[in-house]
Amino acid sequence: MNVVFISPHFPFNFYNFTRALKDEGYNTIGIGDEPYNQLENHVKNSMTEYVYVHSLENYDEVYRAMGYIINKYGRIDYLESNNEYWLIQDAKLRTDFNICSGVKSDEIRFIKYKSEMKALYEKAKVPTARYILVDTFEKSLEFAKKVGYPLFVKPDDGVGASLSFKIKNEDELKAFHANKYPSQMIMEEYIDGHLVSFDGLADGNREPVYMTSHVFPNPVAEIVNEKGDCFYYSRKEIPADLEEAGRKVLKAFPSQRRYFHLEFFVLKNDKEGLGKKGDVIGLEVNMRTPGGPTPDMSNYAADIDVYRIWARMLADRPCPYPSTKPKYFVAYCGRRKEHDYEYSLEDIRNRYGKNIVMERDVAPIIAGAMGDHMIVARFENREDITPYVKMCLGDYVNADSSL
């Protein structure tokens with residue numbers, strides 16, 4: 001089987017996808033914008049071949065690289081990046097080269113554009129926030145009168161939480177419309193809820209072959225806009241209502257043989273026209289790997305290799321583990337350079353050395369959401385997470401782990 005993987009060198013942990021593919025015996029060809037001689041050895045060794053392009057943004061150059069690969073290896077069975085930034089280009093490459101597996105250009109809008117997701121949420125019978133695509137001030141004002149303030153606006157095709165913010169009143173709505181934005185914005189009713197995810201791998205029938213859940217006590221948009229610290233953690237158990245909603249969404253969206261990261265709100269209070277306190281509300285669908293070291297957190301939680309499960313899934317090979325149930329809670333803390341913390345990294349290492357499973361600097365391109373330096377630790381008991389997070393991040397974060 002021939003598999004092309006886009007950008008195996010970035011993010012730092014994505015070489016594990018090519019490593020797992022090669023270990024499963026596939027011809028694994030990477031396309032990336034890092035010169036081969038600058039790749040780390042473990043990245044080089046994870047592939048059958050690597051094709052360098054000056055820019056992954058240059059479609060013509062990537063297209064020519066694909067032509068070279070097909071001429072040498074024959075028909076391509078899979079092409080993936082597992083990266084939200086490249087989803088549209090991935091789909092175009094599959095379409096142009098008639099790669100039958102994976103999402104093509106005619107389906108990509110449902111997993112890329114937030115407004116397009118709404119119809120499939122309705123198909124799945126999973127409630128989601130009411131919305132409009134931003135047009136005139138008058139239409140936005142009419143929408144605000146219908147759903148009430150605050151409102152939440154973000155790019156319809158945005159990646160992460162950039163240009164995402166809350167509008168609390170009519171003056172702020174006027175100020176919003178006075179600005180120009182680089183892409184179409186979507187406006188939604190504000191949902192006061194706890195952010196949780198349903199993550200995993202879906203097979204060719206859109207059924208999970210592996211699944212887990214994470215809790216995000218601090219809103220990502222606030223972390224980015226207010227330079228807050230990032231903290232989230234994995235759970236040992238997936239609540240039944242969250243799993244039910246997640247499975248419905250997988251069936252409605254083009255999720256076959258994909259990594260998925262589905263975001264939901266759990267309502268903090270009753271919301272007229274939407275649901276009762278504790279109800280699960282759809283937020284966003286991401287048919288790609290959850291961000292940062294989250295796949296590695298899954299590995300540490302259950303002592304498994306999710307990259308291997310993914311690689312085997314592509315060829316309908318069974319999961320190699322008798323159980324993927326988490327044994328640990330795994331917590332991510334991202335510290336910022338500009339914050340003055342009470343405890344040093346050395347203090348944290350001395351106190352939690354036996355729990356820390358990963359520590360490294362964060363790439364600047366994602367540091368806005370995830371902090372400049374990550375520390376990941378695992379614990380058998382959930383109540384141990386809060387003191388750990390408080391030592392890492394102090395007053396810069398809501399360390400609540402009670403969800």
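In the block above lies the structure referred to throughout.
All of the points below concern the structure found in this document.

What counts and how
- Residues numbered from 1 in each chain as written.
- Predicted model: local features only at pLDDT ≥ 70, side-chain atom pairs only at ≥ 80, totals over all residues.
- Heavy atoms only, no water.
- Helix = DSSP H or I, 4+ residues; strand = E, 2+ residues; numbered from the N terminus.
- Rg over C-alpha atoms; globule rule 2.2 N^0.38 Å.
- Buried < 20%, exposed > 50% of the residue type's maximum accessible area, 1.4 Å probe, protein only.
- Contact = heavy atoms within 4.5 Å.
- Pairing = 2+ DSSP bridges.
- Polar contact = N/O pair within 3.5 Å; in protein donor to acceptor, adjacent residues only side chain to side chain.
- Axes fitted to C-alpha atoms, helices over the stretch in contact; angles between N-to-C directions.
- Phe/Tyr/Trp six-rings, centres within 6.5 Å; stacked < 30°, edge-to-face > 60°.
- Lys NZ or Arg CZ within 6 Å of the ring centre and 35° of its normal.

On to the overall build of the chain, then. On a plain count of helices and strands, the chain comes out with 15 helices and 16 strands. The C-alpha atoms of the chain give a radius of gyration of 21 Å, which matches the 22 Å a tight globule of 403 residues would have. The buried share of the chain, taken over its 403 residues, is 54%. Partitioning the contacts of the chain with sequence separation of at least 6, the portion at a separation of at least 24 is 65%.

Once that is clear, we can look at the pairing of strand E8 (residues 185-189). Within E8, 5 of the 5 residues are buried, which leaves the element mostly enclosed by the surrounding structure. Along E8, one buried face is formed by Met185, Met187 and Glu189 and the opposite face, lined by Ile186 and Glu188, is buried too. In the sheet, strand E5 (residues 131-133) pairs with E8 via 3 bridges, with the strands oriented antiparallel. Bridging from a neighbouring strand, Leu133 pairs with Ile186 of E8.

This brings us to the side chain of Arg235. Note on placement: Arg235 falls in the loop between strand E11 (230-234) and helix H10 (240-252). Here Ser213 takes part through its side chain, which lies 3.0 Å from a polar atom of the side chain of Arg235.

Judged by pairing direction, the sheet is parallel, and its 4 strands sit side by side in the order E3-E2-E1-E4 without closing on themselves. Where the open sheet ends on each side, the last strands, each with one partner, are strand E3 (49-52) and strand E4 (78-80). Each neighbouring strand pair of the sheet contributes to a mean axis angle of 20°, computed without reference to strand direction.

Using the criterion set out here, one finds 22 aromatic pairs in the structure. Judged by centre distance (6.2 Å) and plane angle (35°), the ring pair of Tyr36 and Tyr50 falls under tilted. One end of the pair, Tyr36, is in the loop between strand E2 (27-32) and helix H2 (41-44); the other, Tyr50, is in strand E3, and 14 residues separate them in sequence. Look at Tyr50 and you get buried, because its relative accessible area is 10%. Through successive ring pairs, a cluster of aromatic residues spans Phe5, Phe14, Phe17, Tyr259, Tyr307 and Trp310. Across the ring face of Tyr341, the terminal group of Arg335 is positioned such that the distance to the ring centre comes to 4.0 Å. The side chain of Arg351 reaches across the aromatic face of Tyr352, ending 4.3 Å from its centre.

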